[in-house]
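This is what each chain is made of:
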Amino acid sequence: MPTDAPTEVPTTGATGGATGGAVPDLAGMVGTEFDPTTVLVERGQLRFFARATGQDDPIYHDLNAAHAAGHRDLPVPPTFLFGLGLAQPDTFDWLTDLGIDLRHLLHGEQSFTYHAMAYAGDTLTLTPTITDAYEKKNGALRFITRRIQVDREGTAIATLEEVIIVRDPKARS
Amino acid sequence: MTPPPPQPGTVQVGTRLPDLAPAPISRTTLALFAGASGDHNPIHIDLDVARSAGLDDVFAHGMLSAAYLARMLTDWVPQSQIRSLRVRFAAITPVHGQPTCTGEVTALEEVDGESRARVALRVTLADGTVTLHGEAVVALG
């Protein structure tokens, strides 16, 4: 269970938010650890990502080039890990379950700390935890920070941290 | 092609990475990136949804620009040299926006027995709008 969540949350009356019952108790969310998800990284998906991002270095789409460069398979590129947790049928359920309208979502910040390279064929485990949540502008903006630990069979691959901003168009700022 | 790792003596504070200037962002790019990245939020690909949210149009995924920054980094160093990458999204990128990625070394440091460079990152549109600020830490040698 969560042990590393901050105990001081700069919340400003989340339970008294302007939109009534749909507003989650932000302070109460901190420390929420989600069930780990396991994702197999597929070569085809990495090739698709390389194409979509204009990545022309052949190590990211050509297995022979990857091998020639000393990689055991196509490398998982630096920011691909962000979408790994989204590549599920219920991608945004954790947000909609919190009563959040996806149209009001903004991605504020994203960070990656890398521990080891990952490759196509790897089965990666993602463990998300909400590490911070607070409001600004009288509830007009809600900030949720989520940390996602990515491991491969017990080996740390990367630690991701994302700041999601939820705009509440009904809140008085 | 994957570059050789830059050696500690060859990188200085102020060293600029080669810019990366991808093509202007098309709707096709957004559709492909949605599928490829796994971020299917319709606000980036469905005009009806964007309008229902009071917007005039869809806008690019912030993580698309972050992926361009990562490309600039892996054009400069092998990916295994990248210790961390952090981005802050400052402005949305509209459809047809033309991002340019730039990076400049701001500090050299020794951490865990290795030489590292701290690189300030930025994505700027043709009209001068900065859409992303970021920082990467890269191992040298």
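Structure first, text after, so check above.
These figures come from a predicted structure and were not determined experimentally. Starting from 1, residues in each chain are numbered consecutively following that chain's sequence as written. Chain labels run from A onward and ligand labels from 1 onward, assigned in the order the entries are written. Reporting in this predicted model follows two pLDDT cut-offs: at least 70 for local features of residues, and 80 or more for side-chain atom pairs to be given and counted; totals over whole chains, interfaces and linings ignore these cut-offs and use all residues.

### Details of the overall build of chain B
Right, on to step 1. Working definition: helices are DSSP H or I runs of at least four residues, strands are E runs of at least two. Numbering for both runs from the N terminus. Of regular secondary structure, chain B possesses three helices and four strands.
Right, on to step 2. Helices and strands appear in chain B in the N-to-C order α-α-α-β-β-β-β.
Right, on to step 3. Each of the three principal axes of chain B carries a C-alpha extent, and together these read 55 × 30 × 25 Å.
Right, on to step 4. Out of the 141 residues belonging to chain B, those deemed buried represent 38%. Backbone-placed C-beta atoms define the burial measure: a residue is buried with 20 or more other C-beta atoms within 10 Å of its own, exposed with 12 or fewer, and partly exposed in between.

### Things to note about the interface of chain A and chain B
A common way to express how large an interface is: the accessible area buried when the components associate.
Right, on to step 1. What counts as a contact here is a pair of residues whose C-beta atoms, placed from the backbone, lie within 7 Å. Counting residues at the interface gives 32 residues for chain A and 36 residues for chain B.
Right, on to step 2. If you list the elements that add at least two residues to the side of chain A that touches chain B, you get helix H2 (43–52), helix H4 (80–84) and strand E2 (105–114) of chain A.
Right, on to step 3. Sort the elements by how many residues they give to the side of chain A that touches chain B and E2(A) lands first, with nine residues.
Right, on to step 4. Of the residues in the side of chain A that touches chain B, the class split is 17 nonpolar, 11 polar and four charged.
Right, on to step 5. Strands qualify as paired when DSSP identifies two bridges or more between them. One ladder, built from five bridges, connects E2(A) with strand E1 (residues 82–89) of chain B; its direction is antiparallel. The residue bridging A:Thr113 from the neighbouring strand is B:Ser84, located in E1(B). Only Asp, Glu, Lys and Arg are considered charged, only Ala, Val, Leu, Ile, Met, Phe, Trp, Tyr, Cys and Pro nonpolar, and every remaining residue, Gly among them, polar.

### Regarding the nonpolar core
Right, on to step 1. Take the buried Ala, Val, Leu, Ile, Met, Phe, Trp, Tyr and Cys residues, join any whose C-beta atoms are within 7 Å, and the set you get is a nonpolar core. Within the largest apolar cluster, 60 residues are counted, with the highest numbers of intra-cluster contacts made by A:Leu46, A:Leu81, B:Leu69 and B:Leu73.
Right, on to step 2. It is helix H3 (residues 62–76) of chain B that contributes the most residues to this core, 10 residues altogether.
Right, on to step 3. Those residues in contact with A:Leu81 that sit more than four places away from it in its chain are A:Val76, A:Phe112, A:Val150, A:Ala158 and A:Leu160.

### A look at unusual backbone geometry
Right, on to step 1. Not every positive phi belongs to a glycine, and A:Lys137 is a case in point at roughly 55 degrees.
Right, on to step 2. Structurally, A:Lys137 can be placed in the loop between strand E3 (123–136) and strand E4 (141–152).
Right, on to step 3. When the 13 C-beta atoms within 10 Å are taken as the criterion, A:Lys137 is described as partly exposed.
Right, on to step 4. Phi angles above zero are rare outside glycine, and B:His96 is one such case at about 75 degrees.

### Quick look at the sheet that holds strand E1 (residues 37–40) of chain A
Right, on to step 1. An order of E1(A)-E3(A)-E4(A)-E5(A)-E2(A)-E1(B)-E4(B)-E3(B)-E2(B) is seen for the nine strands of this open sheet, with the pairing classed as antiparallel. With partners counted over all chains shown, the strands left at the sheet margins are E1 of chain A together with strand E2 (100–111) of chain B, one partner each. Across the sheet, the mean angle from the axis of one strand to that of its neighbour is 20 degrees, orientation sign disregarded.
Right, on to step 2. Strand direction decides the pairing type here: E2(A) and strand E5 (residues 155–167) of chain A, joined by nine bridges, are antiparallel. Within E5(A), the residue paired with A:Phe112 across the bridge is A:Leu160.
Right, on to step 3. Only the contacting stretch of a helix is used when fitting its axis, a line to C-alpha atoms as for every element, and angles between N-to-C directions run 0 to 180 degrees. Contacting E2 of chain A together with E1, E2, strand E3 (114–124) and strand E4 (130–139) of chain B, H3(B) crosses the sheet at an angle of about 35 degrees to E4(B).

### Side note on the environment of A:Pro78
Right, on to step 1. Looking at the element boundaries, A:Pro78 is found in the loop between helix H3 (63–68) and H4.
Right, on to step 2. Assessed through the 23 C-beta atoms surrounding it within 10 Å, A:Pro78 is described here as buried.
Right, on to step 3. Excluding anything up to four places from it in sequence, A:Pro78 contacts A:Phe112, B:Ala70, B:Leu73, B:Thr74, B:Gln79, B:Ile82 and B:Leu85.

### Let's talk about H2(A)
Right, on to step 1. Within H2(A), burial applies to A:Gln45, A:Leu46, A:Phe49, A:Ala50 and A:Ala52. Along the long axis of H2(A), the arc covered by the buried residues comes to 165 degrees, so they all point the same way.
Right, on to step 2. On its buried side, H2(A) packs onto H4 of chain A together with helix H1 (27–37) of chain B.
Right, on to step 3. Note on H2(A): the residue one or two positions beyond its end, A:Gly54, has a positive phi of about 70 degrees. Regarding the arc, it is the one traced by the directions from the helix axis to the C-beta atoms.

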